[in-house]
Each structure stands twice: as C-alpha cells, then as structure tokens.
Amino acid sequence: MKKFVLLFLLIALPLFSLTQESIKHRVIIDTDCAPDDLRAINLLLSSRSTEILAITSEDGVLEPDEGYLRIISLLKDHGHEGIRTSQGIITNNDAPELRGLAKVTDWGNEPISYEKPQEVKEFLVKIIEAEEQPVEIIATGPLTNIANAVLMMPSIKKQISRIIWFDQCQPEVKWSRDGMDCMSGKYLLKTQIPVYRIMAGKNAPEFSKSFFKDIGKTQTPYARKIYSSHLKDTIMEKIGEGTFRLWDDLTAMYLYYPELFTTDTTSVDSANYVVRLKEDSDIKARYLEHLRAYSHLESTVFQDFPIDTSYYRKDIREIVKETVDKYGIREWRAVTLTEEIHNRLGLNSIVGAKMGIRALEYFRTTPGNLSVTSYCGSKPPLSCINDGLQVACGTTVGQGNIEIVDDAILPKAAFRYEGRVIEIQLKSKYYKQIQGEIEKAKQNHAFPSDAYWNVMRKKSLDYWKNLDRKEIFQVSETSE
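The text that follows walks through the structure, step by step, so that each part is easy to find. (Residues numbered from 1 in each chain as written. Predicted model: local features only at pLDDT ≥ 70, side-chain atom pairs only at ≥ 80, totals over all residues. Heavy atoms only, no water.)

1. Overview of the packing of helix H15 (residues 320–327) against helix H16 (residues 329–342)
To describe two helices that pack against each other, one gives the angle between their axes and the distance between the axes. Where we set the bar: Fitting a line to C-alpha atoms yields each axis, with helices limited to the stretch in contact; the angle taken between N-to-C directions then spans 0 to 180 degrees. Working definition: helices are DSSP H or I runs of at least four residues, strands are E runs of at least two. Numbering for both runs from the N terminus. Roughly parallel refers to an angle under 35 degrees, roughly antiparallel to one over 145, roughly perpendicular to one between 65 and 115, and oblique to any angle outside these ranges. For this analysis, residues touch if any pair of their heavy atoms sits within 4.5 Å. Under this grouping Gly is polar, as are all residues other than the nonpolar Ala, Val, Leu, Ile, Met, Phe, Trp, Tyr, Cys and Pro and the charged Asp, Glu, Lys and Arg.
H16 packs onto H15 with a crossing angle of 125 degrees between their chain directions and a minimal axis gap of 7 Å. Accordingly, the angle class assigned to the pair H15 and H16 is oblique. On H16, the residues touching Val320, Thr323, Val324 and Tyr327 of H15 are Ile329, Glu331 and Trp332. In terms of residue class, the contact of H15 with H16 is built from five nonpolar, one polar and one charged.

What follows is the structure, given as structure tokens:
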C-alpha cells in the first residue's frame with residue numbers, strides 16, 4: 001500500500017494542482033471585539049469555502065480604535081495581513097460589563113505602527129461595490145458601520161444578500177447590540193436587506209471547561225488562537241463559574257449550519273428572520289468538527305495528504321510531527337512535493353515552497369489563484385526557489401501563470417491576486433546564511449558528489465524544520 005501511495009505521488013507531481021475549493025460565502029465581518037467575537041472570527045477563518053472580504057471594528061464592547069488594533073494583531077498573527085480592515089466610528093457608548101474581559105483577551109502582538117485606515121463607511125461601500133457576487137455581513141456588535149454605509153450609498157442594499165446579527169432582540173437591555181445603537185438597528189430592519197437576528201438568551205450553550213479543553217486539543221491555527229486567547233486568569237475564572245456562553249460564535253455557526261437553528265415566527269419586527277438555536281442541537285460537536293476540518297486537505301489526486309510517518313524515509317520521519325505542528329499541513333505538503341519534483345532536498349527549493357505558502361497565507365487564498373513573477377533567475381542554485389513557488393502556489397510554466405525574470409537575480413517574487421500585488425523577499429540574513437552553507441559544502445566536498453548531497457540533505461532537513469515563514473521573509477504590498 002505504501003509503495004502504491006508513493007507511486008501516485010510521483011505520477012501526480014508534474015500535474016500537481018490543488019482542487020479549487022468553491023467559495024460559497026463572501027463575507028464582511030463587523031465586530032466590537034469581545035472574547036466571543038474572536039472565537040466567531042476564527043471559526044470564519046477556519047472555512048476554506050469563505051472569502052473574508054474585510055473586517056471592521058465597531059464601538060461596543062471595545063472602543064473602535066482599540067478593537068481595530070486587536071483585529072490587525074490577529075490577522076498578523078495568522079499571517080493574513082492581506083485581509084482588508086477599517087476602524088469604526090466612535091459613538092461614545094458607555095463601557096459594557098464585558099469590557100474588562102475583552103481587554104485581557106489575547107488577540108496577538110499589537111503593532112508598533114500602522115497606517116491609518118480609510119474612513120469606514122467609504123471603505124465598506126468600496127468593498128461591497130467591487131464584488132460581482134452578493135456579500136454577506138456577519139455582525140457581532142452594533143450595526144452603526146453598516147447603517148452608515150447604506151445611508152451613504154443606498155444602492156449597495158441590493159448587493160448585500162443578508163446580515164447575520166447576534167442581537168438577542170432586546171433593545172431595552174442597555175448592553176445588548178441593539179441597545180447600544182437602536183437607531184441603526186431599526187433603520188436596517190426596515191430596509192430590503194434580510195437581517196437574521198440570532199437569539200440565545202439564557203439557553204445559550206455553556207462555554208464549559210471540558211469544551212475549552214477539547215478546543216485546546218485541536219491542532220489547527222484557529223483553534224489554537226481561541227484556546228491561547230482565553231488563558232488569562234479572569235477569563236478562566238468565568239469559564240470555571242459556568243457563566244461563559246456561546247454567544248457571537250452562533251453567527252458563524254448559523255452561516256455554516258443553519259439546520260441547527262429554527263425560525264421564530266412570533267417576532268413581528270424582523271419579518272420572520274429571528275432564529276433560535278434548537279434545544280437538541282449538537283452545536284459543540286459541530287463547532288469542534290468545523291475547527292478540525294481546516295486540517296483536511298483535498299487535492300487533485302489525494303483525498304487527504306499522508307502524514308503517517310511510516311510513509312517517509314527515516315531522517316524525514318523524525319521531523320514530521322514537529323514540523324507539521326509548527327507550520328501546518330499546507331506547508332508540509334508544499335515542501336514534500338517540491339522536494340520530490342526537485343529530486344533531492346535543497347535549501348533554496350524549501351525556501352521557495354515556504355515563500356509560496358506565505359503568499360497564499362497573506363491573501364488567505366488557495367493554490368491556483370495567484371500569478372507569480374520570480375526574480376530568482378533561471379540558473380541554480382537560486383533558481384531552485386522557482387520549484388517551490390510553482391508547487392506551493394499552483395502556478396506552473398505549463399499553465400503560464402509564472403514568469404521568471406533574469407535581469408536582477410534576487411531571492412524575491414511578486415504575487416498578484418485580484419488586482420493587488422505583494423513582493424516577498426528572503427531577508428538578507430537568511431539569504432547569506434543559506435548561500436554560505438552551499439559554498440561551505442562545495443569547499444569541503446567535491447561538487448556534485450554523494451558526500452556533498454548528503455551534507456546538503458542534512459542541512460535542508462534542519463532548515464525545513466526551523467525556518468519560520470513568518471520570520472524569514474520581508475513582505476510588502478506594492479502597486480503594478
């Protein structure tokens with residue numbers, strides 16, 4: 001069986017291209033950055049069928065400027081800096097009860113500096129108008145930003161397919177979403193946009209200790225972020241008391257699993273778009289299943305990519321678990337297939353695969369959606385980066401979506417995605433280090449010889465395991 005799987009690898013390599021996972025949801029997230037909002041965002045990021053068009057901060061549990069910092073911190077932590085963001089307007093809401101917990105929730109390391117975002121209503125209008133397909137809005141705070149955008153440009157109403165809003169339908173409660181900005185809520189409820197208001201009330205499922213531990217056992221970046229963000233003593237105390245609930249998480253769960261909810265026809269103000277979680281729903285099991293699904297990879301040949309260590313040669317077998325845990329299955333697959341095509345383990349080809357995954361991660365997209373210009377030239381050893389770029393990005397010479405430039409030979413490539421361009425370059429420190437390893441091996445061993453390739457194989461395994469793609473590259477967004 002093992003020989004059969006490896007034979008398939010070799011046959012499939014020249015034609016390797018990921019199946020394009022169909023986008024079912026094009027989503028804008030509008031959040032006031034409570035702890036449950038962080039969980040909802042990570043649930044949305046976990047879905048490959050969802051394109052996150054933008055994330056905006058609201059004035060609610062956190063003020064919009066502080067919330068905005070949390071959003072860009074989270075995206076940087078995940079490597080998704082390419083997701084567009086903006087900061088909501090200040091409406092001078094009083095501090096809600098959850099603000100203290102929200103302030104200690106760990107979204108990521110806050111940036112030292114950042115560019116001032118575009119004004120939020122203009123930003124939202126621009127994002128929505130640019131989309132050919134309908135846009136869904138996930139609202140986990142007041143509806144201020146959305147209402148202002150619609151008031152500014154009423155025509156976008158036709159391009160918003162629906163708003164999914166965790167509101168509780170309690171405008172009389174000061175800290176409810178509607179209570180913090182009832183005017184925006186009332187305005188949008190009277191438009192033609194379907195507003196699905198999610199109610200949970202006292203029956204919201206408990207975010208229990210055992211459920212929290214199950215999330216911690218789930219080895220995906222988004223599950224890890226949920227788990228690590230809640231490890232503060234004050235949050236753990238609330239979890240232990242049984243007062244933490246699945247609240248804003250339900251917006252994401254309703255998007256993906258509407259069968260777990262039922263329509264409440266008794267409410268007259270939402271045109272039968274008020275929904276409640278079914279009492280007998282298995283929502284926690286589906287929640288965990290949803291987080292785990294991110295690790296499942298469907299490709300052209302394989303139903304899933306093998307990480308059983310018995311499939312690998314002994315020296316590679318020793319690094320499988322640690323490397324997959326650190327950098328994820330997507331990078332592992334890209335490097336593995338690159339090295340099979342490359343016909344040997346090589347430092348530059350590994351760099352190329354990591355660079356390609358970094359580009360996909362930045363835009364949060366899948367292979368086959370980028371076009372690439374490589375400045376690595378066509379002569380080894382630097383040109384070996386091109387092998388990794390082709391495999392990781394699904395951009396091949398045969399498909400005509402990669403261009404190799406020989407004018408200025410640099411460890412750099414440009415990646416184009418939906419009218420935007422980023423350049424990714426290996427930092428000088430790592431470039432000199434890698435080229436130094438190659439020169440040292442050539443000085444100590446005849447090139448090419450078995451002794452030389454054995455040294456390079458050992459070095460490549462070390463670099464494969466220890467080079468962090470979020471650290472070794474300089475990433476900059478540029479214009480054509």
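2. Some thoughts on the sheet that holds strand E7 (residues 261–263)
Heads up, the condition is: Note on pairing: DSSP must find at least two bridges between two strands before they are called paired.
Spatial ordering of the open sheet is given by E3-E2-E1-E4-E5-E6-E8-E7, a layout of eight strands whose pairing is mixed. Only two strands of the sheet have a single partner each, and these edge strands are strand E3 (84–87) and E7. If you compare each strand with its neighbour and ignore which way they point, the axes differ by 25 degrees on average. In terms of strand pairing, strand E1 (residues 25–31) meets strand E2 (residues 50–57) through seven bridges, oriented parallel. The residue bridging Arg26 from the neighbouring strand is Glu51, located in E2. Sheet strands touched by helix H12 (residues 249–256): E1, E2, strand E4 (135–140), strand E5 (160–166), strand E6 (195–199), E7 and strand E8 (274–277). Its angle to E5, the strand with the most contacts, is close to 140 degrees.

3. Digging into the sheet that holds strand E10 (residues 402–404)
Pairing is mixed across the open sheet formed by five strands, whose spatial order is E10-E9-E11-E12-E13. Whereas interior strands pair on both sides, the edge strands pair on one side only; in this sheet they are E10 and strand E13 (473–478). Going from strand to strand, the sheet's axes swing by 15 degrees on average, the running direction of each strand aside. Most of the contacts of helix H17 (residues 347–363) go to strand E12 (residues 420–426), to which it runs at about 145 degrees, and overall it touches strand E11 (412–417), E12 and E13.

4. Considering the environment of Ile424
Put simply, the rule reads: We call a residue buried when its accessible area falls under 20% of the maximum for its residue type, exposed when it is over 50%, and partly exposed in between, using a 1.4 Å probe and counting protein chains only.
Relative to the helices and strands, Ile424 is located in strand E12. By relative accessible area, Ile424 is classed as buried at 0%. Taking the C-alpha atoms as reference, Ile424 lies 9.9 Å from Ser374; in sequence the two are 50 residues apart.

5. Quick notes on the nonpolar core
Put simply, the rule reads: Buried Ala, Val, Leu, Ile, Met, Phe, Trp, Tyr and Cys residues that are joined via side-chain atoms within 4.5 Å together make up what is termed a nonpolar core.
Counting 54 residues, the largest nonpolar core has Ile215, Phe261 and Tyr287 as its most contacted members. Of all the elements, H12 adds the most residues to this core, at six residues. Residues in contact with Tyr287, not counting those within four places in the same chain, are Arg39, Leu43, Phe211, Ile215, Ile226, Leu246, Asp249 and Met253.

6. Notes on the packing of helix H19 (residues 428–444) against helix H20 (residues 450–466)
Short version of the rule: Here is the rule for handedness: rotate from the far helix to the near one, and if that takes an anticlockwise turn smaller than a right angle the crossing is left-handed, while a clockwise turn gives right-handed.
For the pair H19 and H20, the least separation of the axes is 9 Å and the interaxial angle reads 160 degrees. Classified by the angle between their axes, H19 and H20 sit roughly antiparallel to one another. Helix-helix and strand crossings are classified by hand; for H19 and H20 the assignment is right-handed. Judged by residue contacts, Gln433, Ile434, Glu437, Ile438, Ala441 and Lys442 of H19 engage Tyr452, Val455, Met456, Lys459 and Tyr463 from H20. Residues of the contact of H19 with H20, tallied by class, amount to seven nonpolar, one polar and three charged.

7. Focus: the layout of surface pockets
Rolled over the atoms, a probe sized like a water molecule indicates the empty space that remains. Threshold: Here the term cavity refers to a set of points on a 1 Å grid, laid over the protein atoms alone, in which a 1.4 Å probe fits but cannot get out; the term pocket refers to an open set having protein on both sides within 12 Å along at least five of seven lines, with lining residues being those that place an atom within 4 Å of a point. Grid points are joined across faces, edges and corners, and a volume is the space filled by probe spheres set on the points.
Quantified by volume, the largest pocket comes out at close to 1600 Å³. Residue lining of the largest pocket: 44 residues in total, with Glu81, Gly82, Ile83, Tyr362 and Glu477 positioned closest to the centre. Every element with two or more residues in the lining of the largest pocket is listed here: E2, helix H3 (64–78), E3, helix H5 (120–130), H17, helix H21 (469–472) and E13. At six residues, the largest contribution of residues to the lining of the largest pocket is made by H3. Residue classes in the lining of the largest pocket are distributed as 17 nonpolar, nine polar and 18 charged. Considering only enclosed or pocket space, the second largest pocket measures out at about 840 Å³ in volume. Pro221, Tyr327, Gly328, Ile329 and Arg469 are, among the 39 residues lining the second largest pocket, the residues nearest its centre. Among the elements that line the lining of the second largest pocket, the one with the most residues is H15, at six residues. Taken together, the residues of the lining of the second largest pocket break down into 17 nonpolar, eight polar and 14 charged.

8. Notes on the packing of aromatic side chains
Under the convention used in this document: Stacked, tilted and edge-to-face are the three classes applied to pairs of Phe, Tyr and Trp rings, where Trp contributes its six-membered ring and a pair requires centres within 6.5 Å; stacked means planes under 30 degrees apart, edge-to-face means over 60, and tilted covers the rest. Charge over a ring is defined by NZ of Lys or CZ of Arg lying within 6 Å of the ring centre and within 35 degrees of the ring normal.
Enumeration according to the criterion identifies 20 aromatic pairs in this entry. Measuring from ring centre to ring centre gives 5.2 Å for Tyr254 and Phe261, while their planes differ by 90 degrees; the resulting arrangement is edge-to-face. Under the relative-accessibility criterion, Phe261 is labelled buried at 6%. Between Tyr362 and Phe363, the ring centres sit 5.1 Å apart and the planes meet at 85 degrees, which makes this aromatic pair edge-to-face. The exposure classification of Tyr362 matches that of Phe363, with both residues buried. Every member of this aromatic cluster is reached through a ring pair, and the members are Phe207, Phe211, Phe212, Tyr227, Phe244, Trp247 and Tyr287. Note that Arg162 overlies the ring of Tyr196, its terminal NZ or CZ placed 5.5 Å from the centroid. Its guanidinium or amino end placed over the ring of Phe447, Lys442 lies 4.6 Å from that ring's centre, counting from NZ or CZ.

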